[in-house]
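Topology and contacts: notes
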Amino acid sequence: MKKSLLLILVLILSISMVAVFSEVAPAEEAPLPSGKLVIWSWAPNELWLDASLDGFKEEYPDIEWEHVSYGTGDVYVNLPLALTAGKGAPDICLIENSHLSSIVEMGGLLDITEKIQPYIDNLATYKLKECRKDEKYYAVPWDGSPVAMYYRRDVFEKAGLPTDPESVEELVSTWDKYYEVAKTIKEETGLYMQACTKANNNGRLLEMLLWERGLGYIDDEGKVSINSPEVVETLEFIGKMTSEGLYSDEVDWTDGWYAEFKSLDKPVASYIEASWMSGIFKSWLAPETSGLWGIVHMPAYEEGGVRASADGGSSLIITEQCQNPEAAWALIEYALLRDQSVINCFVAGDYTPSLVTSYDSDVFKVKDPFYAGQVIGTMFNDIMLNIPKANIYTAEYAEMSSLTVPEIAKYLTGKQSAQEALDNAAAAIRAATGRK
Amino acid sequence: MAVITESTLIKTKTLDKRIFVYLLLIPTCIFMMLPFFWMLITSLKTMAEVFNVPMIIFSHNMSLDNFKVVIDKGVWIRLWNTFFISFTATVLRLFFCSLAGYGFAKFRFPGRDILFSVLIASMIVPFAVTVVPLYIMMVNFHWVDTILPLVIPGAASAFGIFFMRQYIRSIPDELLDAARIDGCSEFSIYVRVILPIVTPGLVSLGLIFFMQVWNDFMWPLVILKTPENQTLPVMIATLTGLAGTNMYTLQMAVSVISITPLIIIFLIFQRRFTTGITFGAVKG
Amino acid sequence: MFTYFFSNQRNNQERFSKTMAIDTRVLKRMKESWGEVKKKRWAYIFISPFYILFAIFSMYPIIFSIYLSFTKWKGMGPKVFVGLANYRRLFGDPIFWQSIRNGVIIFFLYVPIMTFLALVLAVILNAKFVRFFRIFRTMLFVPYVTTMIAVGYVFRIMMNTKYGLFNMVLTSIGISPVPWLDNVWWARVSISLLIMWAWLGYNMVIMLAGLQTIPKDLVEAATIDGANPAQAFFRITVPLMRPIILFSVILSTIGSFGLFNEVYTLTTVGDVPGGPMYATITPLVYIYQQAFRNYNFSYASAVSCIYFVIIFVLTLLQLRYFGREY
């Protein structure tokens with residue numbers, strides 16, 4: 001009798017043990033993604049990406065990654081070539097939003113709609129536009145590119161103008177007031193408001209101003225709108241600034257242009273650009289000018305209007321050639337979609353996050369000595385939330401821009417009127433893209 | 001009297017001529033040498049010194065730092081790639097061109113003249129016309145990012161065949177006939193009789209090919225993607241610094257490394273080089 | 001190689017071989033009939049690599065190019081047939097026609113000067129009374145072997161408006177600085193200077209060789225008759241050098257439309273090549289931009305087809321017009 005009872009007990013025990021373990025087993029069977037990933041980007045982004053991946057190794061010990069750094073702009077030649085060739089593409093690639101749409105159009109990128117879905121509401125709306133095609137997502141936004149006006153306190157002081165951010169904010173609250181300030185500075189100090197070269201103009205200043213007004217190369221129906229009256233008006237404003245000698249003629253990213261930022265006695269008075277310029281100023285372009293700068297919102301088109309715009313900013317994509325999409329997603333999710341990671345990135349490289357849930361952090365409230373103790377993190381975050389929708393980064397951006405830029409240059413060098421320039425650009429874009 | 005006048009006349013004429021000549025030659029030569037000089041000293045400067053005002057010609061801290069940086073970025077691999085590709089392409093081209101040159105020079109066969117005209121006409125086809133489909137073909141062959149597209153498509157250069165034909169034509173037929181009587185196959189005649197005789201021509205032509213492939217830019221730019229596979233010219237062009245700026249100092253360092261081997265080869269083989277060029281252009 | 005069309009040299013060669021052949025003609029006939037067939041087969045085998053490669057890597061791409069030009073294709077996905085749409089766009093494309101215009105302008109900017117200079121230098125060096133003429137010849141020729149990409153960037157530094165060597169020198173002797181790369185016409189001049197630098201030596205060497213075929217007594221006779229050097233040069237040397245000059249000019253024509261390296265290094269600012277304002281863009285640069293930057297492979301093919309036609313016509317015209325006299 002005892003023996004059979006013992007037997008029954010053992011049986012019950014063993015059955016229950018099997019039941020227990022069989023429930024635990026499936027959960028343990030799902031392994032962490034692993035593998036080696038190749039990431040393409042350009043300097044210095046690999047540094048900020050690594051900063052965002054601080055602590056990644058603890059969570060995913062078996063994932064390794066390798067950075068391949070190209071020259072800026074070379075990625076946009078090499079990636080499509082690799083995608084069309086069907087081989088040689090990286091697992092992950094950094095792409096500026098300006099080129100993102102055209103690469104998404106081309107194909108070869110992994111559809112990450114499901115993976116990104118839970119995070120959509122946490123990301124800055126304007127940055128998602130290029131990541132998306134026909135309701136599907138192919139990229140994750142990384143750095144935001146809110147545009148503001150950097151200004152040199154020492155120049156404003158020399159011109160007899162107030163230098164504290166609150167006053168300057170009011171001083172340049174509209175473009176007309178900005179024009180007056182520029183004239184004052186020119187008269188009092190002989191210095192330029194900023195650089196805007198004529199013959200080799202790259203069109204980005206115009207694009208920033210258009211973005212602020214919600215204009216673009218095309219309108220919401222996809223028709224070419226680069227020669228609309230508002231755009232002409234905006235271009236003419238830039239023309240006024242250059243023709244009256246308020247902007248200098250240095251070509252972007254050349255030594256004369258750098259000198260204008262670095263200089264302690266003959267700098268430019270201001271510069272309208274996105275937040276990523278801050279990291280560049282601090283690290284190699286003008287570190288010796290620390291403490292001389294301030295930042296305010298860019299002027300509005302009219303009093304009380306929008307004072308936000310965007311320029312640049314990138315996103316990460318996963319290619320279809322990636323052998324290890326799970327690992328790739330794990331890396332991107334960790335680096336771009338977690339508050340702490342994007343905060344680390346901000347601390348390291350001044351990159352404004354696209355992940356708006358991170359904006360609560362105290363990190364953004366820090367007084368920045370480069371800007372004489374001004375708090376700039378919150379300002380850029382605030383701008384991020386106000387960037388209007390604009391059709392600048394279209395699927396044919398590279399082509400549209402390359403057709404518009406020479407026309408702008410011809411206008412600025414006095415060879416044609418602004419209306420003619422934009423009409424020519426519109427005609428060329430229509431011919432090239434088949435749009436109306 | 002007349003003799004003295006003539007000779008004085010000649011002397012002054014010669015003097016005028018001399019002044020004119022040197023006035024022309026020397027500035028031109030300075031202009032020719034200037035870029036080399038500037039390339040070299042820029043490669044020894046720092047970026048800040050490149051565009052300094054006032055102009056710095058000889059930097060006070062001349063250093064090989066740029067070369068060290070460039071070595072870190074893998075310039076030796078690129079140098080090896082460039083050399084390997086140039087050498088392989090040259091050998092292949094010399095082989096095919098001498099073979100075809102022999103065929104055209106020493107054989108009579110139906111259609112020879114027509115085929116030769118096609119050869120000449122093919123030299124007019126600019127690379128621009130074929131580059132796009134050629135690239136797509138390379139994609140389909142899975143040859144992208146390998147050295148094959150750089151070596152195989154150009155392997156039979158029409159210019160080279162023309163050159164070799166002219167050269168081989170001057171070989172007396174008796175030599176070939178004698179070899180044939182001895183029972184040599186056509187191919188071994190090529191190897192044993194033709195090749196040894198045309199070796200000087202091969203050297204000249206080879207130098208030209210080597211230089212052309214070494215300096216080629218656009219095609220390697222399009223084909224070679226991975227940094228480890230690239231050639232020196234491609235490296236020079238893609239050596240951009242932060243935000244797309246040109247790191248001129250580094251570019252100059254790589255440039256120096258790129259042109260030095262060619263200049264050395266040229267200086268050694270000068271005569272062969274110039275013979276090669278003139279032979280192809282003038283004779284025939 | 002275009003002297004192929006000029007029978008002088010060839011006749012000489014054939015006369016020579018004919019004399020030699022008379023003696024061995026009988027022997028030859030015997031051997032010919034025996035080895036005829038065998039030989040012919042080998043001839044075809046020997047020349048076949050060229051034609052195979054040509055067929056695969058030149059003819060087929062040309063045909064494929066023509067086919068592509070009638071489609072719309074961006075590198076991935078299906079090729080959509082669109083008829084003449086690309087060509088219609090091309091004929092109205094201001095940048096393409098600008099590139100053709102640029103080719104012509106740059107041609108006239110550098111070819112006359114360079115060809116003339118090459119000839120003059122060749123005559124000078126040929127006269128051999130110049131001391132160290134070999135050194136001069138070497139110095140003039142070395143640029144030809146240099147990597148153009150390397151040199152292009154050097155020129156770019158030297159031509160920098162504010163800080164470049166050229167303007168530094170100019171301002172030091174009181175001339176105002178020249179916007180070498182920032183002005184439409186100066187940019188073209190700069191490109192021309194770069195090309196001249198690279199090709200002067202090459203053309204000079206060819207002319208030198210050509211000069212050596214001119215009998216020295218001709219020039220001497222003229223000098224004794226009282227002609228001054230300039231007259232001797234223009235009336236005797238130049239006409240006799242016609243075929244060489246033609247060869248040089250034809251090469252330069254094809255060259256000036258197919259400039260790529262020079263434009264890439266000297267006048268490309270950021271992503272936009274051939275600046276400023278497309279003043280220096282050439283057809284090849286435009287094809288590259290369309291194909292490898294905008295991924296418009298089909299449009300790029302249309303451009304290259306028209307470009308080919310233009311070059312072909314130009315070359316034929318030059319040969320007929322200048323070559324016929326020979």
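Model, not experiment: these values are computed from the prediction. (Residues numbered from 1 in each chain as written. Chains lettered and ligands numbered in written order. Predicted model: local features only at pLDDT ≥ 70, side-chain atom pairs only at ≥ 80, totals over all residues.)

Re the overall build of chain B
- Assigned secondary structure in chain B consists of 14 helices and 0 strands.
- Along its sequence from the N terminus, chain B presents helices and strands in the succession α-α-α-α-α-α-α-α-α-α-α-α-α-α.
- Taking the principal axes of the C-alpha coordinates as reference, chain B spans close to 85 × 75 × 35 Å.
- At a minimum sequence separation of 6, the contacts of chain B that also span at least 24 residues come to 76%. (Helix = DSSP H or I, 4+ residues; strand = E, 2+ residues; numbered from the N terminus. Contact = placed C-beta atoms within 7 Å.)

A look at the overall build of chain C
- Scanning chain C for helices and strands turns up 13 helices and 2 strands.
- Residues classed as buried in chain C amount to 44% of the 326 residues present. (Buried ≥ 20, exposed ≤ 12 C-beta atoms within 10 Å, placed from the backbone.)

Notes on the interface of chain C and chain B
- Listed as interface residues are 84 residues of chain C and, on the opposing side, 77 residues of chain B.
- A per-element tally of the side of chain C that touches chain B places helix α1 (residues 8–68) of chain C first, with 25 residues.
- Split into classes, the residues belonging to the side of chain C that touches chain B amount to 62 nonpolar, 18 polar and 4 charged. (Nonpolar A, V, L, I, M, F, W, Y, C, P; charged D, E, K, R; others polar.)

Brief notes about helix α12 (residues 283–292) of chain C
- Burial of α12(C) is extensive: 10 of the 10 residues sit out of reach of the surface.
- Residues of α12(C) that are buried include every one of C:Pro283, C:Leu284, C:Val285, C:Tyr286, C:Ile287, C:Tyr288, C:Gln289, C:Gln290, C:Ala291 and C:Phe292, and no others.

Things to note about the sheet that holds strand β13 (residues 314–318) of chain A
All names here are of chain A.
- Strand order across the open sheet formed by 5 strands is β2-β1-β3-β13-β6, with mixed pairing between neighbours. The open sheet terminates on both sides in strands that have one partner only, identified here as β2 (63–70) and β6 (139–141). Within this sheet the neighbouring strands show an average axis-to-axis angle of 25 degrees, counted without direction.
- Looking at chain direction, strand β1 (residues 35–42) and strand β3 (residues 92–96) are connected through 2 bridges and run parallel. Note that in β3 the partner of Trp-40 across the bridge is Cys-93.
- The strands touched by helix α15 (residues 325–336) within the sheet are β1, β2, β3, β6 and β13, with β13 carrying the most contacts at an inclination of about 160 degrees. (Pairing = 2+ DSSP bridges. Axes fitted to C-alpha atoms, helices over the stretch in contact; angles between N-to-C directions.)

Some words on the interface of chain C and chain A
- Taken together, the contacts link 24 residues of chain C with 23 residues of chain A.
- Grouping the constituent residues of the side of chain C that touches chain A by class yields 10 nonpolar, 7 polar and 7 charged.

A look at the domain arrangement of chain C
- Looking at chain C, the domain boundaries give domain 1 (25–68) and domain 2 (86–323).
- Here the C-alpha centre of domain 2 of chain C lies 36 Å away from the C-alpha centre of domain 1 of chain C. (Domains from an automatic or database assignment.)

Looking at the domain arrangement of chain B
Residues and elements named next belong to chain B.
- As assigned here, chain B comprises domain 1 (2–43) and domain 2 (65–281).
- If you average the C-alpha positions of domain 1 and of domain 2, the two centres end up 36 Å apart.
- Listed by partner, the interface residues are 4 residues for domain 1 and 7 residues for domain 2.
- Here the residues of the side of domain 1 that touches domain 2 are counted per class, giving 2 nonpolar, 2 polar and no charged.

So, the sheet that holds strand β11 (residues 270–274) of chain A
Residue and element names in this part refer to chain A.
- The strand order β11-β8-β12 describes an open sheet built from 3 strands, whose pairing is antiparallel. In the strand order of this sheet, the two ends are held by β11 and β12 (293–296), each with one partner. With direction set aside, neighbouring strand axes in the sheet form an average angle of 30 degrees.
- Where strand β8 (residues 147–152) and β11 come together, 5 bridges link them in antiparallel fashion. Its bridge partner being in β11, Tyr-150 is matched across the sheet by Tyr-271.

Some points on helix α5 (residues 97–106) of chain A
All names here are of chain A.
- For α5, a buried count of 8 out of 10 residues is recorded, marking the element as mostly surrounded by other parts of the structure.
- The complete set of buried residues in α5 reads Asn-97, Ser-98, His-99, Leu-100, Ser-101, Ser-102, Ile-103 and Val-104.
- Gly-107 sits one or two residues past α5 and shows a positive phi near 105 degrees.

Description of the nonpolar core
- Ranked by size, the top nonpolar core spans 307 residues in total, and within it A:Ala148, A:Ile429, B:Ala100, B:Ile161, B:Val254, C:Ala122 and C:Met207 carry the most contacts.
- Per-element tally for this core: the top contributor is helix α7 (residues 184–211) of chain C, with 18 residues.
- Filtering out sequence-adjacent residues up to four positions away, C:Ala122 remains in contact with C:Met204, C:Met207, C:Leu208 and C:Leu211. (Core = buried A, V, L, I, M, F, W, Y, C linked by C-beta atoms within 7 Å.)

Observations regarding the environment of A:Leu209
Residue and element names in this part refer to chain A.
- Its place among the elements puts Leu-209 in helix α11 (residues 204–212).
- Since 23 C-beta atoms lie within 10 Å of it, Leu-209 is described here as buried.
- For the pair Leu-209 and Gln-321, spaced 112 residues apart in the sequence, the C-alpha separation amounts to 38 Å.

Thoughts on the pairing of β13(A)
All names here are of chain A.
- Summarising burial for β13: 5 of the 5 residues are buried, a large majority.
- Residues Ser-314, Leu-316 and Ile-318 line one face of β13 and the alternating positions Ser-315 and Ile-317 line the opposite face, and both faces are buried.
- Alignment of β3 against β13, held across 5 bridges, turns out to be antiparallel. Bridge pairing links Cys-93 to Ile-317 in β13.

A closer look at the packing of helix α3 (residues 65–72) of chain B against helix α13 (residues 248–268) of chain B
All names here are of chain B.
- Here α3 crosses α13 at 80 degrees, and the two axes come no closer than 9 Å. The pairing of α3 with α13 is recorded here as roughly perpendicular in orientation. Side by side, α3 and α13 meet where Asn-66, Phe-67, Val-69 and Val-70 of the first sit next to Thr-249, Leu-250, Ala-253 and Val-254 of the second.
- Taken together, the residues of the contact of α3 with α13 break down into 6 nonpolar, 2 polar and no charged. (Parallel < 35°, antiparallel > 145°, perpendicular 65-115°, else oblique.)

A look at the packing of helix α6 (residues 127–141) of chain B against α12(C)
- Interaxial distance between α6(B) and α12(C) falls to 10 Å at its minimum, and their mutual angle equals 10 degrees. Classified by the angle their axes make, α6(B) and α12(C) are roughly parallel. Judged by the twist between their axes, the crossing of α6(B) over α12(C) is right-handed. Between α6(B) and α12(C), the residues in contact are B:Ala128, B:Val131 and B:Val132 and C:Pro283, C:Leu284, C:Ile287 and C:Ala291, respectively.
- Considered class by class, the residues forming the contact of α6(B) with α12(C) number 7 nonpolar, no polar and no charged. (Left-handed = near helix turned anticlockwise from the far one by under 90°.)

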